Every structure is written in structure tokens, then in C-alpha cells.
Amino acid sequence: MSTAIPSRLLAAEDYLANPAPRLDHVRMLVVGDVMLDRYWFGDVSRISPEAPVPVVRIERREERLGGAANVARNAAALGAHSGLLGVVGKDEAGEQVDALLRDSSIHSYLKRDEAISTIIKLRVIGRQQQMVRIDFEDAPTETVLRDKLTQFRALLPDYDVLIFSDYNKGSLVNVAEMIREARAAGKVVMVDPKGDDFSMYAGATILTPNKSELRRIVGNWKSEDQLTDKAQALRTELGLEALLLTRSEEGMSLYTEREVLHVHADAREVFDVSGAGDTVIATMAAMLGAGAPLDMALATANRAGGIVVGKLGTATVTREELFGA
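Residues numbered from 1 in each chain as written. Predicted model: local features only at pLDDT ≥ 70, side-chain atom pairs only at ≥ 80, totals over all residues. Heavy atoms only, no water.

- By the naming in an unreviewed UniProt entry, the chain goes by D-glycero-beta-D-manno-heptose-7-phosphate kinase and is assigned to Massilia haematophila.

Let's talk about the overall build of the chain
Thinking step 1. Scanning the chain from N- to C-terminus turns up nine helices and 16 strands.
Thinking step 2. Scaling as 2.2 N^0.38, a compact globule of 325 residues should have a C-alpha radius of gyration of about 20 Å, and the chain matches this with 20 Å.
Thinking step 3. Once the C-alpha set of the chain is aligned to its principal axes, its extents read approximately 65 × 45 × 45 Å.
Thinking step 4. Here the chain, with 325 residues, has 53% of them falling under the buried criterion.
Thinking step 5. Of the contacts made within the chain by residues no fewer than 6 positions apart, 67% connect residues no fewer than 24 positions apart.
Thinking step 6. When the accessible surface of the chain is split by element, carbon and sulfur atoms take 48% of a total near 14500 Å². (Helix = DSSP H or I, 4+ residues; strand = E, 2+ residues; numbered from the N terminus. Rg over C-alpha atoms; globule rule 2.2 N^0.38 Å. Buried < 20%, exposed > 50% of the residue type's maximum accessible area, 1.4 Å probe, protein only. Contact = heavy atoms within 4.5 Å. Areas by Shrake-Rupley, 256 points an atom, 1.4 Å probe, with all protein chains shown as cover.)

Topic: the nonpolar core
Thinking step 1. Core analysis: the biggest nonpolar cluster contains 56 residues, and Leu 84, Met 284 and Leu 298 have the highest contact counts within it.
Thinking step 2. Top element by residues in this core is helix H7 (residues 276-289). It accounts for nine residues.
Thinking step 3. If we ignore the near neighbours within four places in the chain, the residues touching Leu 298 are Leu 10, Leu 244, Met 252, Leu 254, Leu 261, Val 263 and Met 284.
Thinking step 4. Counting 35 residues, the second largest nonpolar core, distinct from the first, contains Leu 85, Leu 172, Leu 214 and Leu 227. (Core = buried A, V, L, I, M, F, W, Y, C linked by side-chain atoms within 4.5 Å.)

With respect to the sheet that holds strand E9 (residues 119-126)
Thinking step 1. Across the sheet, which stays open at both edges, the four strands sit in the order E4-E3-E9-E10 with mixed pairing between neighbours. Two strands close off the open sheet at either side, each with one partner strand: strand E4 (54-67) and strand E10 (129-136). Ignoring which end each strand starts from, the neighbouring axes of this sheet average 20° apart.
Thinking step 2. Relative to E10, E9 is paired through seven bridges, and the arrangement is antiparallel. Directly across from Lys 121, in E10, lies its bridge partner Asp 135.
Thinking step 3. Sheet contacts for helix H2 (residues 92-103): strand E3 (34-47), E4 and E9; angle to E3, the most-contacted strand, approximately 105°. (Pairing = 2+ DSSP bridges. Axes fitted to C-alpha atoms, helices over the stretch in contact; angles between N-to-C directions.)

Comments concerning the pairing of E4
Thinking step 1. Where E3 meets E4, 13 bridges bridge the pair, whose relative direction is antiparallel. The residue bridging Val 44 from the neighbouring strand is Val 56, located in E4.
Thinking step 2. Taken together, E3 and the strand that follows it, E4, pair antiparallel across an intervening segment of six residues.

Regarding the pattern of salt bridges
Thinking step 1. Throughout the structure, instances matching the rule amount to 22 salt bridges.
Thinking step 2. Taking the shortest distance from any N to any O, the salt bridge between Asp 98 and Arg 112 comes out at 3.4 Å. Placement of the pair is Asp 98 in helix H2 and Arg 112 in strand E8 (residues 111-113), with a sequence separation of 14 residues.
Thinking step 3. Overall, the relative accessible area of 27% leaves Arg 112 in the partly exposed class.
Thinking step 4. Of the charged contacts in the structure, one is a salt bridge between Glu 142 and Arg 146, with a shortest N-O distance of 3.2 Å. Highlighted residues: Glu 142 and Arg 146, both in helix H3 (residues 142-155), separated by four residues, approximately one helical turn.
Thinking step 5. Arg 146 sits in the partly exposed class, given a relative accessible area of 47%.
Thinking step 6. Residues joined in a network through salt bridges with shared partners are Lys 211, Glu 224, Arg 247 and Glu 250. (Salt bridge = Lys/Arg side-chain N within 4 Å of Asp/Glu carboxyl O.)

Quick notes on helix H4 (residues 175-184)
Thinking step 1. For H4, the complete set of buried residues consists of Val 175, Met 178, Ile 179 and Ala 182. The buried residues of H4 occupy one face: seen down the axis, they fall within an arc of 100°. Exposed residues lying more than 90 degrees from the buried face of H4 are Arg 180 and Ala 184.
Thinking step 2. On the buried face of H4, the contacting elements are strand E2 (27-32), H3, strand E11 (161-165) and strand E12 (188-192).
Thinking step 3. Just past H4, the residue Gly 186 takes up positive phi, approximately 80°. (Arc of directions from axis to C-beta.)

This is the structure we're talking about:
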């Protein structure tokens, strides 16, 4: 099957001379698992006498938007009109997420769940290296999820592009219904998937798994042709317009009915891959929302991913970094 589908390698530099699209005209709603990323930075100068582990003396703390909130933050950094629908706890961390959203000019549609704590990922960094990550998480309650679905329906007419950011934390139990309604309304729908079953994402415009996520669904592959066969079979089964496979140092591949597009990883020093997938899907969605063709959107998203891995933590890319203006 794969030999019947033309394959094309994109050169990202071929698209840099094109006029930058008006990303500030794009209205993007991100729906998914909202998190607060906390970073504790410190110095490591000794080993603990209690156990063979380094002692990190904390000197600085930072808090950033994580999960679906980081996707919305990336969209806003590109200039898009960005909204976020998700669930947080009625706690200090939830208040902090709300404050960070305001600081990033993101429209907050957060639902507060008194029965849970806001999802927190705490990373301890010593000498510019992550020493440990500590996760705090609870699944949202059914009542809050019903309210979230009602609000989603009310917001749908106001947005052109939707991203469902699934971290498998329980906020997207109604994702299949949301996708159906969004596509019926003519919206571009992109999904960052998780888990062992992608059937709930059927009908989306584009699905963006990484290699390990795709492998859990379709099994291993031994050649590029076999990978293409498996990816195209999954795309057809789910009724997707395209499947975007992010391949780390191998770049990205976009599978459509007509062709397969490949782009090499943007060569630069890799400092931290945290949140790179959030940057890629936000950039791809913003470009498509602005009317860019698939190949230009793919090349630009790849460039954005290459920039963000050179930064520490869940970082963003600006329009100026991408297009130089």
C-alpha cells in the first residue's frame, strides 16, 4: 500500500521566504488536562548522609502553565486569540493557574472542582539538570465534567480551531462527543492523544502521536514502508484528514490520503524536550487556522519544536522567533 502513496521530503528553509500568516486572526480553544508546572532550582554540592542521593539547596522557584494550559500559552505567544477550557481544584494552585493565564492574555474558562486538587508537576533542578519530578493529581468529578461539556457547547461558535490536549488525567472523558460536535460545526480539530485506544478521537482533523504513543496502538514496525502502512491504516480507520507523527531526532511525518510529507528535525542543541509536543500542535493549529497549506504548517511547526527544545522547561516560541518579524 505504501508504495502507491507519494512521499515528499520538505526543506524548512523553503518556507521561510513566504509571507508570515496573520496568526493574530486565529481564534483557538484548547480543551484538556490543565496542570501547574513548578520548578525548584538549586545548587548541588554534597551527597546526603541519609541515602546516596544529591542534596539540592533550593535558591529559586518558578511556576509555569503545564499540560493543556501550556498549549494555550504557546498559541498566545504566537499571537493567536487563545482560550482554555479545563478543570482545576479550588485551591492555591488553581488560583496560580488562573493568574498565569491572565498574565499570558489567555481567556480562562476554568471549571473549579472542590473535590480535587489541581494537578501539579514539581521538578527539582540542580546544576541545570532535572534531579526528580514529583506529581500531584486527581481526576475531576462527574458533575464538573458535565458542566464543562455544557460550557464547551456554548463556546464552540466563538472559535475556529480546537485542540484537545489529552494527558490521560480524566478531563477528556467526553472527547468523542466534543469532536463530533466541533467537526459538525466545521471547525479544525487537532488532538494530542494518550492511552491504548484512539477510537474516541475518530473524526478529528489531525491526530499528533509521538512514536511511543503510535507504537502502543499499531505495534512495532521494521521499515519505513511498514510504518507508512500502519499509520495510513490507522488514519483511515479513524476517519482523520491527516496523522502527524512526531519522531524526536528523526523529525516529523504527516500522513494524508494523497501523500506522506517528511521533515527533518531542525538541527540545534537539545536542552529540554519538556512541552515540545505542546509547541508543535499549537503552531500547526495556528498555521492551519490562518489558512496556511499543510506543508507550510508542518515545516513551521517543526521549526517551532526545534527552537523550544533549546530552552529550559515548558517554554514557548514567539512569532518573531519563527518568522523574524
